[in-house]
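# Architecture at a glance
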Amino acid sequence: SVFSSPSFDEHEDVAFHYDGETGLKAIISLHSTVMGPALGGCRMWAYDDDAAALTDVLRLSRGMTFKNALADLPWGGGKSVIIGNAKTDKTPAMMREMGRFVDSFGGRYIVAEDVGTTPEDMAEIAKTTRNVRGVKSVGFDPSPGTAYGVFKGLEAAVGEALGASDLKGVRVAVQGLGHVGYDLARRLHAAGAVLTVTDIDAAALARAERELGATVVGLDAIYDADVDVYAPCALGATLNDDTIPRLKASIVAGAANNQLAETRHGDRLADRGILYAPDYVLNAGGVIHIYHEGPDFDRDATFAHIGRIGGTMRDIFRRAKDDGIPPHIAADRLAKDKLAAAKAGQRKA
Ligand code: NAI
């Protein structure tokens, strides 16, 4: 039975929705609303089976609780999945039905885009619910915010591992020069870092060579680069059995989601003495930006909030040292403590 899934550890509310007219097959998972309404993206994916979709939404919604808590947001953690092929199965009517499903939670779930959905889809969803963020017509791009947060967290990691107070001469390998990666590379270059870069996009590489004096290497050679920091900003799961033994970097700090192929790879990094800045803390600038978006958007206040990622990262490294655990575990503990404190506060009130 789906209800016996071991992943239902502490989830508050999980709902399935099938709509015959539009063909929508969706699951919404609210992991926690202790901090506030549960915010998390809607993923559309052609899952092998429904059990895989359920496991994914449970796992991802739990991750959002931790991410939003450590980002100092008044938001809990949730996520939704639509089962189907985003390229061939998606229709505007299906998205509007998804909006009705989101709306049925009465504001306890707030949806945003994720893998397989776009700002245009969010605009469609916005026709049937107000509980949506990242709508196309609103016209905000969170990527520069994400890049700024990664930069601040990377700085904190360099301070921790190398004892350096700035990035002058620090060698960084940036994997992926997209919306986040290029902006991060630009900031790093401005701070005096020396860049090695890779991408599948030749134009982005040429630009980085020209504007940032970056050294270009092949897609696979990035793991062998002789650098201080490896900054994954393209794909997930790049920290795995194949790559970890090859890394020369003493720090991993990048924007990509789900960098650890499996949790145990966080331990492998620690075994090798490589400091890992947990991805979901480092790349929270995007969700913080989304929180601040609106008619009264205040860029300075938004970036000040995002900048606090540096301090959070230092708290995590301290906790890791105090408890004798790797940072990816310390981050989860810090988030759990925060949630427990909030819960205790609510019981008292
Ligand atoms: P993007 O799609 O703009 O950039 C990805 C870049 O990686 C592209 O330039 C692409 O050509 C390159 N790439 C693809 N395959 C590659 C490979 N095998 N090796 C090297 N480069 C490769 O994506 P974006 O928005 O910059 O996001 C990057 C990562 O950060 C993703 O993992 C994303 O989930 C994560 N992230 C992004 C946020 C945002 O605000 N955009 C927020 C939080 C996380």
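Residues numbered from 1 in each chain as written. Predicted model: local features only at pLDDT ≥ 70, side-chain atom pairs only at ≥ 80, totals over all residues. Heavy atoms only, no water.

### Looking at the site of the ligand
- Not every one of the 18 residues close to the ligand is listed here, only the nearest: Thr-146, His-179, Val-180, Asp-199 and Asn-257.
- Between the ligand and Gly-178, the relevant distance is 3.4 Å, taken from an oxygen atom to a main-chain nitrogen or oxygen of the residue.
- In the environment of the ligand, an oxygen atom lies 2.6 Å from a nitrogen or oxygen atom belonging to the side chain of His-179.
- In isolation the ligand has 830 Å² of accessible area, and contact with the protein removes 73% of it. (Near = heavy atom within 4 Å. Polar contact = N/O pair within 3.5 Å; in protein donor to acceptor, adjacent residues only side chain to side chain. Areas by Shrake-Rupley, 256 points an atom, 1.4 Å probe, with all protein chains shown as cover.)

### A look at unusual backbone geometry
- Located in the positive-phi region is Asp-72, a residue other than glycine, with phi close to 55°.
- Classification of Asp-72 by relative accessible area gives partly exposed; the value is 33%.
- In the Ramachandran plot, Ala-237 falls in the positive-phi region, its phi being about 60° despite a non-glycine side chain. (Buried < 20%, exposed > 50% of the residue type's maximum accessible area, 1.4 Å probe, protein only.)

### Quick look at the domain arrangement of the protein chain
- In terms of domains, the protein chain is made up of domain 1 (2–63 + 76–138) and domain 2 (143–336).
- Measuring from the centre of the C-alpha atoms in domain 1 to the corresponding centre in domain 2 gives 28 Å.
- Contacts between the two partners involve five residues from domain 1 and, on the opposite side, six residues from domain 2.
- For the pairing of domain 1 and domain 2, the buried interface totals around 510 Å² over both sides, and the portion due to carbon and sulfur atoms is 50%.
- Per-residue buried area on domain 1 facing domain 2 is highest for Leu-39, Arg-62 and Arg-133; these three make up 52% of the total on that side.
- Linking domain 1 to domain 2 there are zero salt bridges.
- At the boundary of domain 1 with domain 2, the tally comes to two residue pairs in polar contact (both at pLDDT 80 or more).
- Here the residues of the side of domain 1 that touches domain 2 are counted per class, giving one nonpolar, one polar and three charged. (Domains from an automatic or database assignment. Contact = heavy atoms within 4.5 Å. Buried area = accessible area lost by both parts, 1.4 Å probe. Salt bridge = Lys/Arg side-chain N within 4 Å of Asp/Glu carboxyl O. Nonpolar A, V, L, I, M, F, W, Y, C, P; charged D, E, K, R; others polar.)

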